[in-house]
Amino acid sequence: MIKYALFARLEARPGKETEVQQFLEAGLAMAREEKTTPIWFALRLTPTTFGVFDAFEDEAGRQAHLSGPIAQALMAKAPELFVKPPAIEPVEVLGLKNDAPAS
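J.: Can you lay out the environment of Glu-92 for me, pointing to particular residues and giving the numbers?
T.: Mapped onto the fold, Glu-92 is located in strand E4 (residues 87-92). The exposed category is assigned to Glu-92, whose relative accessible area is 55%. C-alpha of Glu-92 to C-alpha of Ala-5: the two residues are 87 residues apart in sequence and 5.8 Å apart in space.

J.: Residues and numbers for the packing of aromatic side chains, please.
T.: Considering all chains together, one arrives at 1 aromatic pair under this definition. Ring geometry for Phe-41 and Phe-53: centres 6.5 Å apart, planes at 40°, overall tilted. In this pair, Phe-41 is assigned in strand E2 (residues 39-44) and Phe-53 in strand E3 (residues 49-56), connecting sequence segments 12 residues apart. Phe-41 sits in the partly exposed class, given a relative accessible area of 46%. Its relative accessible area of 23% is what places Phe-53 among the partly exposed residues.

J.: An account of the side chain of Glu-34 is requested, with residue identities and associated values reported.
T.: Tracing the sequence through the fold places Glu-34 in the loop between helix H1 (17-33) and E2. No salt bridge is formed by the buried Glu-34. Its closest oppositely charged neighbour is Lys-35, at 11 Å. Among the polar contacts made by the side chain of Glu-34, one reaches the side chain of Thr-37 at a distance of 2.5 Å. When residues no more than four places from it in sequence are discounted, the contact partners of Glu-34 are His-65, Pro-69 and Ile-70.

J.: Can you break down the sheet that holds strand E1 (residues 4-11) residue by residue, with the values?
T.: In space, the 4 strands of this open sheet follow the order E2-E3-E1-E4, with antiparallel pairing throughout. Looking along the sheet, the strands with just one partner apiece sit at the ends: E2 and E4. Neighbour-to-neighbour, the strand axes of the sheet open up by a mean angle of 15°, direction not taken into account. Bridge count for E2 against E3 is 6 bridges, and the pairing is antiparallel. Across the sheet, Leu-43 pairs through a bridge with Gly-51, a residue of E3. Against the sheet, H1 touches E1, E2 and E3, its axis set at about 170° to E2. The strands that helix H2 (residues 59-66) touches are E1, E2, E3 and E4; relative to E1, the one it contacts most, it runs at about 30°.

The rules we used
Residues numbered from 1 in each chain as written. Predicted model: local features only at pLDDT ≥ 70, side-chain atom pairs only at ≥ 80, totals over all residues. Heavy atoms only, no water. Helix = DSSP H or I, 4+ residues; strand = E, 2+ residues; numbered from the N terminus. Buried < 20%, exposed > 50% of the residue type's maximum accessible area, 1.4 Å probe, protein only. Phe/Tyr/Trp six-rings, centres within 6.5 Å; stacked < 30°, edge-to-face > 60°. Lys, Arg positive; Asp, Glu negative; His and termini not counted. Salt bridge = Lys/Arg side-chain N within 4 Å of Asp/Glu carboxyl O. Polar contact = N/O pair within 3.5 Å; in protein donor to acceptor, adjacent residues only side chain to side chain. Contact = heavy atoms within 4.5 Å. Pairing = 2+ DSSP bridges. Axes fitted to C-alpha atoms, helices over the stretch in contact; angles between N-to-C directions.

Take a look at the structure:
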C-alpha cells in the first residue's frame, strides 16, 4: 500500500510565477523516470503558491526521491525562483483512490 508521501509548498518570487510553472511541468518527465515514485502531482494552490505531492510504497522510495534528480533540481533553482526555501514535509497517506487511465 502506498502510504509514504511528501508535500512541498513553494512560494514564487514576484514575476517568477510562469517560470515556476514551467519548471514544475518539466519535472513530470523526471518523475516518470523514478521507478520508486508511482504518484507525483505538481499543483498551483494560488497565483503565487505552488506545491508538489508525491507518494511512495516505502520509506526507501521516499528517501531515494529526496536525494534524486528532482530534489536536486528543485534546490538548485530555489534561490532564483522562490521567496524562501521550499517547505518539504513528510506526510502519511491515509487513503487512496486512483481510477485514472494509464497514460
